[in-house]
Amino acid sequence: MILSFVNNDIDYENWCKENEGYVFNYFGGNEKRADMNKVHKVDCPSLWRQDHEGKRTTTYEKVCSTELDELIEFVKAERGESWNYCKGKHCFLA
């Protein structure tokens, strides 16, 4: 199941605590903004930076799923090829 969180940090954070899954930072923008539209594992440290406290779902919509294939299908339908995987050491290494 795909869930979207916008201006709703409490529900987003609760979902992340209760699920092992994936998060799409949905920045939007034009097709050249693949660098801002990223798929992360739910425990990726970049999703939990202190400076994002209280505004995790205001800068970027968070689209979440426990199933990676389902989330990628959504991402491709929305963004085409203008997105990427997080390459952090806790996410999807290159």
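Residues numbered from 1 in each chain as written. Predicted model: local features only at pLDDT ≥ 70, side-chain atom pairs only at ≥ 80, totals over all residues. Heavy atoms only, no water.

Undergrad: What's the story with helix 2 (residues 68-79) in this structure? I'm lost.
TA: Working note: α-helix, 3.6 residues per turn, so residues spaced by three or four point in the same direction. Between its first and last C-alpha, helix 2 extends 16 Å over 12 residues, near the 16 Å set by a 1.5 Å rise per residue. The complete set of buried residues in helix 2 reads Leu71, Ile72, Val75 and Arg79. Looking down the long axis of helix 2, one finds its buried residues gathered within 100° of arc, a one-sided arrangement. Turned more than 90 degrees off the buried face of helix 2, the exposed positions are Asp69, Glu73 and Ala77. Residues of helix 2 that are buried sit in contact with strand 2 (22-26), strand 3 (38-41), strand 4 (61-65) and strand 5 (84-85). (Helix = DSSP H or I, 4+ residues; strand = E, 2+ residues; numbered from the N terminus. Expected span 1.5 Å × (residues − 1). Buried < 20%, exposed > 50% of the residue type's maximum accessible area, 1.4 Å probe, protein only. Arc of directions from axis to C-beta. Contact = heavy atoms within 4.5 Å.)

Undergrad: Please clarify how the nonpolar core should be interpreted in this entry.
TA: A general trend in soluble globular proteins is that nonpolar side chains are found buried together. Counting 21 residues, the largest nonpolar core has Tyr12, Val23, Phe24, Val39 and Leu71 as the members making the most contacts within it. Of all elements in the fold, only helix 1 (9-18), strand 2, strand 4 and helix 2 reach the threshold of two or more residues within this core. Take this core: its biggest share by element is 4 residues, from strand 2. (Core = buried A, V, L, I, M, F, W, Y, C linked by side-chain atoms within 4.5 Å.)

Undergrad: What is the right way to look at the pattern of salt bridges in this model?
TA: Between side chains of opposite charge, a pair can form when the charged atoms approach closely. Within this structure, the stated rule accounts for 3 salt bridges. A salt bridge links Arg56 to Glu13; the shortest N-O distance between them is 3.1 Å. A residue pair is termed long-range when its members are at least 10 positions apart, and Arg56 in the loop between strand 3 and strand 4 and Glu13 in helix 1 qualify at 43 residues. Note on accessibility: Arg56 and Glu13 belong to one class, buried. With a shortest N-O distance of 3.0 Å, Arg49 and Asp51 are connected by a salt bridge. The structure contains a network of salt bridges with shared partners spanning Glu13, Glu53 and Arg56. (Salt bridge = Lys/Arg side-chain N within 4 Å of Asp/Glu carboxyl O.)

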